[in-house]
Amino acid sequence: MTGSTAILASMAAHLLAAGGIAMPRIDYTAILPELILLGGMLVLVLVSSLSPRPLPTEAYATATVGIGIASLVASLVLWRDVSDHGPFTAVARAVNVDGFGVLFLVLVSCILVVAPLLAAGHLRREGVGGCEYYVLALISGSGAMFMATANDLVLIFLALEILSIPLYILAGFDHLRESSGEAAMKYFVLGAFSSAIFVYGIALTYGATGSTNLAQIAAFLARNVVTSDGVLLGGLALLLVGFAFKVAAVPFHMWTPDVYQGSPTPATGFMASMAKAGGFAALLRVFVTTFPTLRGTWQPAIWVIAVLTLVLGAVVALVQSDVKRMLAYSSINHAGFVLLGLQAATARGVAGSVFYLFTYSFLVLGSFAVVSAVGGKGDERHGLERYRGLGRRQPALAVTFAVLLLAQAGAPFTTGFFAKFYVVEAAVSAHSYALAAVAMGTAAVAAFFYLRLVFLMFSDVGRTIPTHEGAATGGTPTDTLEMPSAGGVATLVAAPVAALVEVAEPDPAIVAVSPWVAAGLVLCVATTLVFGVWPQPLVDFAHQATLII
Amino acid sequence: MSIDASWYLTLAAALFTIGVVGLLVRRNVLVMFMCIELMLNAANLTFVTYARALDDVGGQVAVFFVLVVAAAEVVVGLGIIVAIFRRKVGATADDAHVMKG
Amino acid sequence: MGSLDSYLPIFVLFVLALAFAGLSIVASKLLAPQRPTSAKEAPYECGIVPANEPPQRFPVRFYLVAMIFVIFDIEVIFLFPWAVVYDQLGRFGLVEVIVFAAAAFFSLLYLVANGALDWGPVRRVRPVSSLQSRTTASTVRRVGTGSGEAA
């Protein structure tokens, strides 16, 4: 404590020398979505502590969906504010309310609306109910929001930790499964490692530029030519490494497969969407707006990372026999596509990345929810073989999964197609032709393993296959895809919830799909198909992602 | 009596390197935690040194946040370790080998 | 040199602590009667000869309390700067600190409600099914070392 006392003494001396402190003016409306999440989280904790009997997990899920909707409304109000009056900074210029940040506020709110629905059934099945999952999800979401709006490297670090630490716990949430704890430990050690690297990068950047405020750093770099730039470049490199760990970009992806496989499946989906959204938001803002003067330095590094991420993610996913591991590598591949937009470093590239993250979040949430349902009680059976003939046993579930997988593959008439199209277009318009070619090549490779899984699901049903071949080749599949999913809603909701599978049964029977999961899946599929056919609103939305500092 | 700032920065860099190497080399999870703490404290030392050199209070404030985050991380980490090794004997990273990689 | 003056009290405290500890040891060496017997040399001076080594593992509860202590201890660090400039912050600072304290208090409530601070007999909170995931590798060695059920 003596160390901190000394610091305090010197701080007080500073303050006295400056003649008192400036009273901070805090514009609470600027951080209202975050405050709603944190306040709601505190209410959940309080209710769970004071309630005499444990409440059902569905009650907490409902409350979380409500909190998510409230923060969505607050974000949209901020959105109107920004589009009417222009972007502004708040809370002593530490928070940046601009189109880019507010878009991510909306995205995080949407994730928090969908994720509790998809998790509730799983938590009940595994007997790990309680408020904790939802509380951790809300904290993590507020961290992601702060990452997207932060205008100060120290705030970004804090937000990164608020985002990550709950995710470590969520990875180890299912304490009855050994692999869950193991995943938590691996995620924690490597995550804390990357955080330490990140904060050292901040310290070096601070030393080189004299500030941690992004706007001041950018202004400093625009005014001055740094002659001995070793410290600055070192700081920049360490920042990049820290971000790359968080968003699982190669060569900093080692934790991803194990953590995605070992974590409870809904937590995996949440982690994949939330960590990527928050990580990429801060990554884009820091590199595109704060260090544009050093673009010549960091663009080649991003180029290399993007190529490695794209190729390794797609190729290694080919040989996976576990669906969760396959999706983990495919998420690495997706991260490569988002990096395409960053590498372009243009307004178009940023909009493409934002659009990609929007679509990807719903796809990955839905996919892991299906995997969770098919995995059955115990959350351990995720082999590819388990999906054989799913199309005959549970056509609605299989069609849902097929839509999500085809969208991830970038099939036309899904949002996935436009997502890939926009980032590749941004790369081409930034003259990164080689990178765009690599991206399209890996998309073809990735399509192979998505389609393999789709065919596996429908392999026992001869008559169903042509429908999905039609979807893959881009005929007129919208009707054939939408009809089953619309009819699937009823089937899903009415699916026999009580029909839990016995462990020892050799022939997998029907797996349970709770109404909650069904509702969440319908939301995911609906966004995928609706915006896949009519993407203009979402595109316009993404193009509002103007970055300011 | 005053020591040049570069000495502190060099010390911080050395501490950081020791932390990185230690984390990559050692297999005991608790030692790995200590290495992470070492890295965070190296960053703290850098912050304070630059704050003094730049005569700016911002770097010192950052140290507070890093300290608290470090404590929170340690608590979560210990919680995870306790949850895992309640059923096991030792606390080495190689004991966690259910999954490949 | 001027800046070092502010460290003088810390230095004095350091010297005083060392002096006190040293004096205590020296005084006990000089003043106490020294009549060692084999019973007094035993690790536990309570009359019972230890049959085997005590279990190496502490109950999980100790770790739990230690972790809770660390997190609440470090949160106090935010109260220090506030206390330094309390006068200038006025009502704004007070409200902010109350919000901060309320958040910390809610987490304390959560801990109490979940029995993290109960020191009575150990309740078995985990369902029995968790025992299935124990492997022989983890149980056999535990029996072999004779440490028994630690937690």
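## Concerning the overall build of chain C
Part 1 of the reasoning: Each helix and strand counted, chain C has six helices and zero strands in total.
Part 2 of the reasoning: Of the regular secondary structure in chain C, the N- to C-terminal order runs α-α-α-α-α-α.
Part 3 of the reasoning: Looking at the 151 residues of chain C, the share that counts as buried comes to 1%.

## Re the overall build of chain A
Part 1 of the reasoning: In terms of helices and strands, chain A carries 22 helices and two strands.
Part 2 of the reasoning: Sorting the 549 residues of chain A into buried and exposed places 60% on the buried side.
Part 3 of the reasoning: Put simply, of all contacts in chain A between residues at least 6 apart along the chain, 79% involve residues at least 24 apart.

## Description of the nonpolar core
Part 1 of the reasoning: Counting 237 residues, the largest nonpolar core has A:Met147, A:Ala171, A:Tyr200 and A:Leu340 as the members making the most contacts within it.
Part 2 of the reasoning: If we skip the residues at most four places from it in the chain, A:Tyr200 touches A:Leu238, B:Phe16, B:Met39, B:Ala42, B:Ala43 and B:Thr46.

## Here we look at the interface of chain B and chain A
Part 1 of the reasoning: Opposite the 35 residues of chain B that make contact, chain A presents 37 residues.
Part 2 of the reasoning: No other element matches helix H3 (residues 58–85) of chain B, which puts 16 residues into the side of chain B that touches chain A.

## Digging into the confidence of the model for chain A
Residue and element names in this part refer to chain A.
Part 1 of the reasoning: Mean pLDDT over chain A: 84, with 85% of residues reaching 70 or higher.
Part 2 of the reasoning: Taken as a whole, residues 1–5 scores under 50 in pLDDT and shows three contacts with residues more than four places along the chain or in a different chain.
Part 3 of the reasoning: Within the model, pLDDT remains below 50 along residues 461–507, and this stretch shows 62 contacts once partners closer than five positions in the same chain are excluded.

## Brief notes about helix H1 (residues 5–25) of chain B
Part 1 of the reasoning: Taking 1.5 Å of rise per residue, the 21 residues of H1(B) would be expected to cover 30 Å, and the 30 Å separating its terminal C-alpha atoms lies within 8% of that figure.
Part 2 of the reasoning: All of the buried residues in H1(B) are B:Leu9, B:Ala12, B:Leu15, B:Phe16, B:Gly19 and B:Leu23. Burial along H1(B) is one-sided: seen end-on, the buried residues are contained in an arc of 120 degrees. Among the exposed residues of H1(B), those pointing more than 90 degrees away from its buried face are B:Ser6, B:Trp7, B:Thr10, B:Ala14, B:Val21, B:Leu24 and B:Val25.
Part 3 of the reasoning: Check the buried side of H1(B) and you find it contacts helix H7 (178–209) of chain A together with helix H2 (29–54) of chain B.

## Here we look at unusual backbone geometry
Residue and element names in this part refer to chain A.
Part 1 of the reasoning: Pro251 follows Val250 through a cis peptide bond whose omega is 5 degrees.
Part 2 of the reasoning: Relative to the helices and strands, Pro251 resides in the loop between helix H9 (230–247) and helix H10 (255–262).
Part 3 of the reasoning: Positive phi outside glycine occurs at Ala248, with the angle close to 60 degrees.
Part 4 of the reasoning: With respect to the helices and strands, Ala248 occurs in the loop between H9 and H10.

## Considerations on the packing of helix H12 (residues 295–318) of chain A against helix H13 (residues 323–344) of chain A
Residues and elements named next belong to chain A.
Part 1 of the reasoning: Interaxial distance between H12 and H13 falls to 7 Å at its minimum, and their mutual angle equals 155 degrees. Accordingly, the angle class assigned to the pair H12 and H13 is roughly antiparallel. Where H12 crosses over H13, the two elements pack in a sense that is left-handed. Mapping the contact onto sequence places Gln299, Ile302, Trp303, Ile305, Ala306, Thr309, Leu310, Leu312, Gly313, Ala314, Val316 and Ala317 in H12 and Met326, Tyr329, Ser330, Ile332, Asn333, Ala335, Gly336, Leu339, Leu340, Leu342 and Gln343 in H13.
Part 2 of the reasoning: Of the residues that constitute the contact of H12 with H13, the class distribution is 16 nonpolar, seven polar and no charged.

## Re the environment of A:Gln394
Residues and elements named next belong to chain A.
Part 1 of the reasoning: Among the secondary structure elements, Gln394 is positioned in the loop between helix H15 (390–393) and helix H16 (395–409).
Part 2 of the reasoning: Given 23 C-beta atoms within a 10 Å radius, Gln394 is considered buried.
Part 3 of the reasoning: Along the backbone, Gln394 and Gly262 are 132 residues apart, and their C-alpha atoms lie at a distance of 26 Å.

## So, the confidence of the model for chain C
All names here are of chain C.
Part 1 of the reasoning: Per-residue pLDDT for chain C averages 73, and the proportion of residues at 70 or more is 64%.
Part 2 of the reasoning: Ranking the elements of chain C by mean pLDDT puts helix H6 (residues 136–145) last with 43 and helix H1 (residues 8–31) first with 91.
Part 3 of the reasoning: Low confidence marks residues 126–151, where pLDDT is under 50. Its contacts with residues over four positions away, or in another chain, come to 24 contacts.
Part 4 of the reasoning: Both scores are available for the predicted complex, with the pTM at 0.82 and the ipTM at 0.90.

## Here we look at the packing of H7(A) against H2(B)
Part 1 of the reasoning: Orientation of H7(A) relative to H2(B), taken along the N-to-C sense of each, is 15 degrees, at an axis distance of 8 Å. In terms of orientation, H7(A) and H2(B) fall into the roughly parallel class. Once H7(A) is placed against H2(B), the crossing between them reads as left-handed. The residues of H2(B) that touch H7(A), namely those facing A:Met185, A:Val189, A:Ala192, A:Phe193, A:Ala196, A:Val199, A:Tyr200, A:Ala203, A:Leu204, A:Tyr206 and A:Gly207, are B:Val29, B:Met32, B:Ile36, B:Met39, B:Leu40, B:Ala42, B:Ala43, B:Thr46, B:Phe47 and B:Tyr50.

## Points about the environment of A:Ser321
All names here are of chain A.
Part 1 of the reasoning: You can see Ser321 is positioned in the loop between H12 and H13.
Part 2 of the reasoning: C-alpha of Ser321 to C-alpha of Leu538: the two residues are 217 residues apart in sequence and 35 Å apart in space.
Part 3 of the reasoning: When residues no more than four places from it in sequence are discounted, the contact partners of Ser321 are Gly383 and Leu384.

Reading the values: rules and limits
- Residues numbered from 1 in each chain as written.
- Chains lettered and ligands numbered in written order.
- Predicted model: local features only at pLDDT ≥ 70, side-chain atom pairs only at ≥ 80, totals over all residues.
- Helix = DSSP H or I, 4+ residues; strand = E, 2+ residues; numbered from the N terminus.
- Buried ≥ 20, exposed ≤ 12 C-beta atoms within 10 Å, placed from the backbone.
- Contact = placed C-beta atoms within 7 Å.
- Core = buried A, V, L, I, M, F, W, Y, C linked by C-beta atoms within 7 Å.
- pLDDT = per-residue confidence, 0-100.
- Expected span 1.5 Å × (residues − 1).
- Arc of directions from axis to C-beta.
- Axes fitted to C-alpha atoms, helices over the stretch in contact; angles between N-to-C directions.
- Parallel < 35°, antiparallel > 145°, perpendicular 65-115°, else oblique.
- Left-handed = near helix turned anticlockwise from the far one by under 90°.
- Nonpolar A, V, L, I, M, F, W, Y, C, P; charged D, E, K, R; others polar.

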